[in-house]
Amino acid sequence: MPTSPVRPAHSLSLAGYYRLLHENLHFRRLWLAQLISGLGDWFYSVAIYGLLLELTGSAEAVAWAVVLQILPFFLVSPTAGAVNDRVSRRRVMIATDVLRSLVVLGMLFIEREEQIGLLYLLLGVEVVGAAFFESARSAAIPNVVDRRRISTANAVSSTTWSVTVTAGAGLGGLAVAFLGRQPAFVINSASFLLSAWFIARAQFDEPHLELYPNLKWREILAFGPIAEGFRYVARDWRLVALMAAKLGLGILGARAVLVAILGRQDMRISGHAALGMATLFMFQGLGSVVGPLLAGPLVGERQGRMRWSILVGYLAAGSFYMAFSGARNLPLAWLSMVVAHAGGSIVWVFSNMLLYLNTEDRFRGRVFAADLGLFTVTASMAGYVCGRAIDLGVTARAATFAVGAAMLLPALAWAVGMRGLWDSDDQISGQQT
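Residues numbered from 1 in each chain as written. Predicted model: local features only at pLDDT ≥ 70, side-chain atom pairs only at ≥ 80, totals over all residues. Heavy atoms only, no water.

Scanning the protein from N- to C-terminus turns up 18 helices and 0 strands. When burial is assessed residue by residue, the protein has 61% of its 433 residues classed as buried. Across the protein, contacts joining residues at least 24 apart in sequence account for 86% of those joining residues at least 6 apart. For the protein, the accessible surface area stands at approximately 16,600 Å², while carbon and sulfur atoms represent 66% of it. (Helix = DSSP H or I, 4+ residues; strand = E, 2+ residues; numbered from the N terminus. Buried < 20%, exposed > 50% of the residue type's maximum accessible area, 1.4 Å probe, protein only. Contact = heavy atoms within 4.5 Å. Areas by Shrake-Rupley, 256 points an atom, 1.4 Å probe, with all protein chains shown as cover.)

Written out as structure tokens, the structure reads:
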């Protein structure tokens, strides 16, 4: 439900972001909920990684935590998308925020190695809630802003998501370092309740509900809507390619394991492993902010330039992860993280934007749920393989170099795909929203 009159399309710039957030009250509330909830999804990461390393001393134990922070997205995303295309997205977001608040409180009681299984279970449940929340939030954005502002809204939302993945862990690391692990969990739990409060105050239309006035739960959870979503994507190879872009980006799923190990071994600050991890995550988050802000004015509103920016983003992420592997001082390590994650954020933001512009509203929940789900497959595999390799004797720096080199493969695949699937430089205003 737009709260301001239609104006010319906003540029993808900091000024455009600010103008949208300032003028559209309900998008601002939805964005604040996303920011707070997204930070909450990763806020406990350093606390959990530190706890697992203390209890087990194993990189693989951390890798399993990373897997459980992302893989459930893939397992439940088709169902999450189907549900969010057929029931109230606002109610789904509020319910999952409350659920996650309770789940995080349960982590307060994990103190012994025998309880690691329970910790993994709680992680999985929290991420299932996040999958439903993200699918609902992504699908609701076009109903909160007007057509002319959809590109800016998507850029704000996509940048925020990629920032929270890294900045949330960084802020959590600072909380662990200065307050302790238990207070960090309590703060994390409260953050989800604050997010739910903002969602409850946001007003927007949900036109998809008019298609299902008397829907029953067996119809919501049936496989039919899920299969319909897959058929919709399969009809257009360009949508398939855009969703595959996230598969390559998932290689950076190994980053959490690498940060946990390097932060503990080589990059402590004042003797604190949590501070070393936190700063690495924070500079990743800084890169996630800077990338789209720098690229936005150059890309403008042309889809062809968005596609080229994805290629540049891949190359930056891969080359600067290789540079990070050889960094022997903290400033160089931080700079490498900024540039690498600026590239990764560019891939994320512009692939999301292209999906928005080429997907019908009635399929949007399923498409974005599947898109995020496919990303988590690669991310979880990369995280586990990285942790396992380190336990088998591969150094963390060698694993970091391998991650960077691997990012060059999806860059090559995307370059080939661009030549075969697109032959125009369409403007946003001429595309379907």
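Past the structure itself, the notes keep going.
So, about the packing of aromatic side chains. Per the counting criterion, the structure on display carries 5 aromatic pairs. Considering the side-chain rings of Trp-348 and Phe-375, the 5.0 Å spacing of their centres and the 80° angle between planes classify their relative orientation as edge-to-face. Taken together, the residues Trp-348 in helix H15 (residues 330–357) and Phe-375 in helix H16 (residues 361–391) connect sequence positions 27 residues apart. Here the guanidinium or amino end of Arg-90 rests over the ring plane of Phe-204, the centre of that ring lying 4.7 Å away. For Arg-100, the ring lying beneath its charged end belongs to Phe-133, and the centroid distance is 4.9 Å. (Phe/Tyr/Trp six-rings, centres within 6.5 Å; stacked < 30°, edge-to-face > 60°. Lys NZ or Arg CZ within 6 Å of the ring centre and 35° of its normal.)

Right, let's get into the side chain of Arg-100. Of note, Arg-100 is situated in helix H5 (residues 89–106). Only 2.7 Å separates the side chain of Arg-100 from the side chain of Ser-37, close enough to count as a polar contact. (Polar contact = N/O pair within 3.5 Å; in protein donor to acceptor, adjacent residues only side chain to side chain.)

So, on to helix H3 (residues 45–56). For H3, with 12 residues, the first-to-last C-alpha span of 16 Å sits near the 16 Å given by 1.5 Å per residue. Buried residues dominate H3, accounting for 9 of its 12 residues. Ser-45, Val-46, Ala-47, Ile-48, Tyr-49, Gly-50, Leu-51, Leu-52 and Leu-53 are the residues of H3 that are buried. In the segment just after H3, Gly-57 is the residue with positive phi, at about 70°. (Expected span 1.5 Å × (residues − 1).)

The subject of this paragraph is the side chain of Glu-60. Along the chain, Glu-60 turns up in helix H4 (residues 59–84). A residue is classified by how much of its surface remains accessible, and Glu-60, at 17% relative accessible area, is buried. A distance of 3.0 Å separates a polar atom in the side chain of Glu-60 from a polar atom in the side chain of Arg-388. Leave out the neighbours within four places in its chain, and Glu-60 touches Tyr-384, Gly-387, Arg-388 and Asp-391.

For the rest of this paragraph, the subject is the confidence of the model for the protein. Confidence in the prediction for the protein averages 81 pLDDT; 88% of positions are at 70 or higher. Below a pLDDT of 50 lies the segment residues 427–433, which in the model reaches 26 contacts outside its immediate sequence neighbourhood of four places, other chains included. (pLDDT = per-residue confidence, 0-100.)

Scanning the entire structure with this criterion turns up 8 salt bridges. Residues Glu-54 and Arg-181 are paired through a salt bridge, measuring 3.0 Å at the closest nitrogen-oxygen approach. Linking Glu-54 in helix H3 with Arg-181 in helix H8 (residues 181–201), this pair joins segments that are 127 residues apart in sequence. Residue Arg-181 is classed as partly exposed on the basis of its relative accessible area of 24%. Where salt bridges share partners, they join Asp-97, Arg-100 and Glu-126 into one cluster. (Salt bridge = Lys/Arg side-chain N within 4 Å of Asp/Glu carboxyl O.)

Moving on: the nonpolar core. Counting 132 residues, the largest nonpolar core has Phe-27, Ile-48, Tyr-49, Leu-52, Met-107, Ile-390 and Trp-414 as its most contacted members. Tallying contributions element by element places H15 first for this core, with 13 residues. Sequence-distant contacts of Tyr-49, that is, excluding residues within four places in its chain, are made with Trp-42, Val-62, Ala-65, Val-66, Gln-69, Ala-256, Ala-260 and Phe-281. (Core = buried A, V, L, I, M, F, W, Y, C linked by side-chain atoms within 4.5 Å.)

This part covers helix H1 (residues 14–23). Turning to H1, its buried residues are Gly-16, Tyr-17, Leu-20 and Leu-21. Buried residues of H1 fall within an arc of 125° about the axis and therefore sit on the same side. Of the residues in H1, the exposed ones pointing more than 90 degrees away from the buried face are Leu-14, Tyr-18 and His-22. (Arc of directions from axis to C-beta.)

Moving on: the packing of helix H2 (residues 25–43) against H8. Between H2 and H8, the shortest axis-to-axis distance is 8 Å and the interhelical angle comes to 160°. On the basis of the axis angle, H2 is roughly antiparallel to H8. Once H2 is placed against H8, the crossing between them reads as left-handed. Contacts between H2 and H8 involve His-26, Arg-29, Leu-30, Leu-32, Ala-33, Ile-36, Ser-37, Gly-40, Asp-41 and Phe-43 on the former and, on the latter, Ala-184, Ile-187, Asn-188, Ser-191, Phe-192, Leu-194, Ser-195, Phe-198, Ile-199 and Arg-201. Partitioning the contact of H2 with H8 into residue classes produces 11 nonpolar, 6 polar and 3 charged. (Axes fitted to C-alpha atoms, helices over the stretch in contact; angles between N-to-C directions. Parallel < 35°, antiparallel > 145°, perpendicular 65-115°, else oblique. Left-handed = near helix turned anticlockwise from the far one by under 90°. Nonpolar A, V, L, I, M, F, W, Y, C, P; charged D, E, K, R; others polar.)

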